[in-house]
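# Descriptive structure summary
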Amino acid sequence: MALTDHLANRASEIAEWRQDIHANPELLFDVHRTAGFVAERLEAFGCDEVVTGIGRTGVVGLIHGRNGAVGRTIGLRADMDALPIAETTGVPWASKVRGKMHACGHDGHTAMLLGAARELCDERNFNGTVAVIFQPAEEGGAGGRVMVEDGLMERFSIDQVFGMHNLPGLPVGQFGMRTGAIMASADYPEIEILGKGGHAAMPHTTADPMVAAAQMIVSLQTVVSRSTDPLEANVVSITKLTADSSAFNVIPERVTLGGTVRTLSPKVRDETEANVRRVVEGVAAAHGVGVTFRYRRGYPVTVNNASAVRTAIAAARKVAGDDEVITDHPPMMGAEDFAYMLEAQPGAYIFVGNGNSAGLHSPNYDFNDDAIPHGVRYWVALAETALNENL
Ligand code: NI
């Protein structure tokens, strides 16, 4: 395959882009340098159109196929933002910005999609249009949702949309994907327990929010174990507990709890919110304390479309061979804001092997540059497969 030799020569240049982005991490929507780096290259490659400032700092490049601006359009998406983590890798291209680093490999995602955009601009071996989408604020800012709300799908007539994330532990050169839910929803209960404080030696004169909080944490464990179908995935984790007082001999007025709920289905997600509320309000009533309950919904479930997954499998097999493509990869309970793009249009989100690197969001993580040619070839093969075989 000519593309392979060609890419071997270009992979080191793409790695240099990756390392440049890695050294200059930016957070959330504040990805001006990275977005500028992307837009400049998309123009230089000969994209037919480059649009900046969509979803605040998102960038979209349009590449028409051999017959020009006719036919279907597919979107290929990368994320550009870093994390508020202090890097400890010690690599020569380590973060130059204290307290910020590319600990999730979005530097690699951006570089690989740029590399693919260059190949697609050069080859144009497809009918229709490829929209390369570079989004800000994947890490907690819902940049994907903001791009969708800014008209991403309508403005560029995107029919299908595809995402890719590196996965530590999956060997380099392997791909993993599945139909249906592949990443979880992430919601955030916040519970404020309002008691009556007083002397710890006279508990009968108080309404102790501390004991109520302890009971709540334990009782919330039954949401998964007693109220959720055992064949469904569900996580309820209470991760924060703060009390008004730090004295040994004072029962505080108020205790707050916080945590996260993860599910793989919209139905379980709705049921879990109701069950968490029921337990919290019931335990508060049993203990004679007041409670305010807030439940913030974060990213929805990332759900892959069956037909799009078949296209992704076909493309991955073309570049990696049948044995290197896991078509029933288990879902993960982390969340991903590509979910919003998949709510807007059907598509598929897949994993690309990052080998034996440190885990995602670890201060010792680094994207594996050896994955670059695999990711680039997948994107190119995907575009050619999706836009040549469904005519
Ligand atoms: Ni990520």
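Since the model is a prediction, treat every value here as computed from it, not as a measurement. Throughout, residues of each chain are indexed from 1 in the direction in which the sequence is written. Residues qualify for local features only when their pLDDT is at least 70, as the model is predicted, and side-chain atom pairs are given and counted only at 80 or more; totals for whole chains, interfaces and linings, by contrast, use all residues. Side-chain figures throughout are based on the complete set of non-hydrogen atoms in the structure, without hydrogens or water.

## A closer look at the nonpolar core
Proteins that are soluble and globular tend to have nonpolar side chains buried together. Among buried residues, those of type Ala, Val, Leu, Ile, Met, Phe, Trp, Tyr and Cys that are joined through side-chain atoms within 4.5 Å constitute a nonpolar core. When a residue's accessible area, from a 1.4 Å probe over protein chains only, is under 20% of the maximum for its type it is buried; when over 50% it is exposed; and in between it is partly exposed. Judged by nonpolar contacts, the single largest core of 60 residues is most densely connected at Leu42, Val130, Phe134 and Tyr378. At ten residues, the largest contribution of residues to this core is made by helix H10 (residues 372-388). Residue contacts are defined here by distance: any two heavy atoms, one from each residue, within 4.5 Å place the two residues in contact. Once residues lying within four places of it in the same chain are set aside, the contact partners of Tyr378 are Met164, Phe175, Ala312, Ala315, Ala316, Val319 and Ile350. Among the nonpolar cores identified, the runner-up in size contains 21 residues, and Val60, Leu62, Ala131 and Phe338 belong to it. In this description a helix means any DSSP run of H or I spanning at least four residues, a strand means any run of E spanning at least two, and both kinds are numbered starting from the N terminus.

## A short note on the pattern of salt bridges
Any Lys or Arg side-chain nitrogen found within 4 Å of a carboxyl oxygen on Asp or Glu counts as a salt bridge. Within the structure shown, the criterion is met by 22 salt bridges. The shortest N-O distance in the salt bridge between Arg18 and Asp366 comes to 2.8 Å. Separated by 348 residues along the polypeptide, Arg18 in helix H1 (residues 2-23) and Asp366 in the loop between strand E16 (347-353) and H10 bring together distant segments of the chain. Each member of the pair, Arg18 as well as Asp366, is classed as buried. One salt bridge connects Asp322 with Arg317, and the closest N-O pair in it is separated by 3.8 Å. When salt bridges with common partners are traced through the structure, they connect Arg18, Asp107, Asp366 and Asp369 into a single cluster.

## Points about the layout of surface pockets
Buriedness of a pocket was judged along seven lines, with at least five required to meet protein on both sides within 12 Å; pockets are open sets of points on a 1 Å grid over the protein atoms alone, cavities are sets where a 1.4 Å probe fits but cannot get out, and lining residues have an atom within 4 Å of a point. Grid points are joined across faces, edges and corners, and a volume is the space filled by probe spheres set on the points. Volume-wise, the largest pocket comes out at about 560 Å³. Residue lining of the largest pocket: 29 residues in total, with Glu138, Glu139, Tyr299, Ala335 and Glu336 positioned closest to the centre. Sorting the residues of the lining of the largest pocket by element identifies strand E5 (160-167), strand E8 (185-194), strand E13 (290-297) and E16 as the ones contributing at least two each. If you tally residues by element for the lining of the largest pocket, the top one is E5, at three residues. Note on residue categories: nonpolar means Ala, Val, Leu, Ile, Met, Phe, Trp, Tyr, Cys or Pro, charged means Asp, Glu, Lys or Arg, and polar means any other residue, Gly included. Across the lining of the largest pocket, the residue classes tally to 14 nonpolar, eight polar and seven charged. Domain extents, as shown, originate in an automatic or database domain assignment. Summarising the domain contributions, the lining of the largest pocket has at least three residues from each of domain 1 (5-179 + 305-387) and domain 2 (184-297). Lining the second largest pocket we find 17 residues, and of these Pro189, Glu190, Lys240, Leu257 and Gly258 sit closest to its centre.

## Details of the side chain of Arg262
In this fold, Arg262 is placed in strand E12 (residues 254-263). Within the buried set, Arg262 has no salt-bridge partner at all; the shortest N-O distance to an opposite charge, 7.9 Å, is to Asp187. Throughout this description, a polar contact denotes any pair of N or O atoms lying within 3.5 Å of each other; where both atoms belong to protein, one of them has to be capable of donating a hydrogen while the other can accept it, and for residues adjacent in sequence the pair is counted only when both atoms sit in side chains. Polar contacts involving the side chain of Arg262 include one to the main-chain carbonyl oxygen of Met333, which spans 3.2 Å. In this structure Arg262 touches Ala184, Ser185, Ala186, Tyr188, Ala233, Asn234, Val235, Met333, Gly334 and Ala335, once residues within four positions along its chain are discounted. The positive count covers Lys and Arg only, the negative count covers Asp and Glu only, and His and the chain ends enter neither.

## With respect to the domain arrangement of the chain
Entries for the chain in the domain assignment read domain 1 (5-179 + 305-387) and domain 2 (184-297). Each of domain 1 and domain 2 has a C-alpha centre, and the two are 38 Å apart. Contacts between the two partners involve five residues from domain 1 and, on the opposite side, eight residues from domain 2. Where domain 1 abuts domain 2, roughly 450 Å² becomes buried across the two surfaces, and 65% of that area is made up of carbon and sulfur atoms. Of all residues in domain 1, Pro331, Met333 and Ala335 bury the most surface against domain 2, accounting for 81% of the area lost on that side. At the boundary of domain 1 with domain 2, the tally comes to three residue pairs in polar contact (both at pLDDT 80 or more). In short, buried area is how much 1.4 Å probe accessible area vanishes from two parts on joining, totalled over both.

## Topic: the coordination of the nickel ion
Here the term donor refers to an N, O or S atom within 2.8 Å of the metal (or 3.2 Å for Na, K and Ca), and because water is left out of the atoms, sites may appear incomplete. All of the protein donors around the nickel ion are Cys104 (SG), His106 (NE2) and His165 (NE2); their distances to the metal are 2.1 to 2.3 Å. Written as a sequence motif, the donor residues of the nickel ion are C-x1-H-x58-H. On the criterion of sequence distance, the pair formed by Cys104 in the loop between strand E3 (73-79) and helix H3 (106-123) and His165 in strand E5 is long-range, its members being 61 residues apart. Classification of Cys104 as buried rests on a relative accessible area of 6%. The exposure class of His165 is buried, given its relative accessible area of 5%.

## Looking at H3
The end-to-end C-alpha separation of H3 is 25 Å, in line with the 26 Å expected for 18 residues at 1.5 Å each. Looking one or two residues past H3, Arg124 carries a phi angle of roughly 50°, positive in sign. Each helix should span, by expectation, one fewer than its residue count multiplied by 1.5 Å.

## Re the sheet that holds E12
With antiparallel pairing, four strands are arranged side by side in an open sheet as E10-E12-E8-E13. Strand pairing shows two members of the sheet lacking a second neighbour, strand E10 (234-243) and E13, which therefore form its edges. The average angle at which neighbouring strand axes cross in this sheet is 15°, direction not considered. DSSP-based pairing: two strands are paired if at least 2 bridges between them are found. In this sheet, E12 lies alongside E10 in antiparallel orientation, the contact comprising nine bridges. Along E12, the bridge assignment pairs Thr242 with Thr256. Axis geometry follows a simple rule: fit a line to the C-alpha atoms, using only the stretch in contact for helices, then measure angles between N-to-C directions, giving values from 0 to 180 degrees. Helix H6 (residues 209-227) contacts E8, E10 and E12 of the sheet and is inclined by roughly 170° relative to E10. On the sheet, helix H7 (residues 266-287) packs against E8, E10, E12 and E13 and is oriented at approximately 165° with respect to E13.

## Describing the sheet that holds strand E6 (residues 175-176)
The strand order E1-E2-E4-E3-E5-E16-E6-E15 describes an open sheet built from eight strands, whose pairing is mixed. Looking at the sheet topology across the chains shown, the edges are occupied by strand E1 (49-54) and strand E15 (325-326). Bridging between E3 and E5 involves four bridges; their strand directions are parallel. Paired with Ile74 across the two strands is Gln160, which belongs to E5. Where helix H2 (residues 32-45) meets the sheet, its contacts fall on E1, strand E2 (58-64) and strand E4 (129-135), and the angle it forms with E2 comes to roughly 15°. Packed onto the sheet, helix H8 (residues 306-320) meets E5, E6, E15 and E16 and runs at close to 30° relative to E16.

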